[in-house]
Amino acid sequence: MRIYLVVVDESPEAAIALRFAARRAVKTGGGVEILTLIPPQEFIAFGGVQATIEEEARLHAEGLVTAAAGTLMQESGLKPAITVRDGEGPKIIREIIAADPNIAALVLGAAASGAPGKLVSHFTGTDAGTLAVPIMIVPGSLDAEAIDRLS
């Protein structure tokens, strides 16, 4: 099955990328995997405080991805795979793509204004052309009707 890997965070462009991926998956008989990344936390000398900060970051990420999955199921009827991982985004994305031959594309949202996000910059910059799958960058300025028409 063709799977679209979508990285979600709290940005509006992530929601747009998720909608695009869901529409493509429905039209191609595929699926969606939602990935949310927990950035590395700064080390704090007190172990209990460090553990609390890490747990809060994980709970926040899990809430974010659960909400995204709920929206996706409601709008498209697809039940996505959900992945929450700690660490550096590009490395984790490469690991996930390498581990699953069904992943057909990485779908990222680009901000409607300002500089592109870290992942868009990374995979279109020095690492452009090195992934084993295509990268779909969905403009953050698209509205729902445009996404539906293009996907």
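The coordinates are above.
It should be emphasised that the depicted structure is a prediction, and the values quoted were computed from it without experimental measurement. (Residues numbered from 1 in each chain as written. Predicted model: local features only at pLDDT ≥ 70, side-chain atom pairs only at ≥ 80, totals over all residues. Heavy atoms only, no water.)

Draft legend 1. Here's a closer look at helix 1 (residues 12–28). Between the first and last C-alpha of helix 1 there are 25 Å, a value that for 17 residues agrees with the 24 Å anticipated at 1.5 Å per step. Every buried residue of helix 1 is listed here: Glu-13, Ala-14, Ile-16, Ala-17, Leu-18, Arg-19, Phe-20, Ala-21, Ala-22, Arg-23 and Ala-25. Gly-29 sits one or two residues past helix 1 and shows a positive phi near 70°. (Helix = DSSP H or I, 4+ residues; strand = E, 2+ residues; numbered from the N terminus. Expected span 1.5 Å × (residues − 1). Buried < 20%, exposed > 50% of the residue type's maximum accessible area, 1.4 Å probe, protein only.)

Draft legend 2. Quick look at the side chain of Asp-100. Structurally, the position occupied by Asp-100 is in the loop between helix 3 (89–99) and strand 4 (103–110). Put simply, Asp-100 is tucked away with no salt bridge, and the nearest opposite charge, on Arg-85, sits 11 Å away. Once residues lying within four places of it in the same chain are set aside, the contact partners of Asp-100 are Ile-3 and Glu-33. (Lys, Arg positive; Asp, Glu negative; His and termini not counted. Salt bridge = Lys/Arg side-chain N within 4 Å of Asp/Glu carboxyl O. Contact = heavy atoms within 4.5 Å.)

Draft legend 3. Up close: the sheet that holds strand 4. Strands sit in the order 3-2-1-4-5 across an open sheet of five strands; the sheet is parallel. Looking at the sheet topology across the chains shown, the edges are occupied by strand 3 (81–86) and strand 5 (135–139). Looking at each pair of strands side by side, their axes are set apart by 25° on average, direction ignored. Relative to strand 2 (residues 31–38), strand 1 (residues 3–7) runs parallel, the two sharing five bridges. In the sheet register, Val-6 faces strand 2, and the bridge partner there is Ile-34. Each of strand 1, strand 2, strand 3 and strand 4 touches helix 3; the most contacted strand, strand 2, lies at about 150° to it. (Pairing = 2+ DSSP bridges. Axes fitted to C-alpha atoms, helices over the stretch in contact; angles between N-to-C directions.)

Draft legend 4. Fine view of helix 3. Within helix 3, burial applies to Gly-89, Pro-90, Ile-92, Ile-93, Ile-96 and Ile-97. All buried residues of helix 3 project into a common sector of 165° when viewed along the axis, lining one side. Among the exposed residues of helix 3, those oriented more than 90 degrees off its buried face are Lys-91, Ala-98 and Ala-99. Of the surrounding secondary structure, the elements contacted by the buried residues of helix 3 are strand 1, strand 2, strand 3, strand 4 and helix 4 (118–124). (Arc of directions from axis to C-beta.)

Draft legend 5. The arrangement of the pairing of strand 1 in detail. In terms of residue burial, strand 1 counts as a mostly covered element, since five of its five residues are buried. Burial along strand 1 is two-sided: the residues Ile-3, Leu-5 and Val-7 and Tyr-4 and Val-6 are all buried. When strand 1 meets strand 4, the two strands line up parallel, connected through four bridges. Bridge assignment links Val-6 to a residue of strand 4, and that residue is Val-107.

Draft legend 6. Looking closely at the environment of Leu-142. By secondary structure assignment, the location of Leu-142 is in the loop between strand 5 and helix 5 (144–150). Sequence spacing of Leu-142 and Ile-16 is 126 residues, and the spatial spacing of their C-alpha atoms is 7.5 Å. The contact partners of Leu-142, leaving out residues within four places of it in the chain, are Ile-16, Ile-147 and Leu-150.

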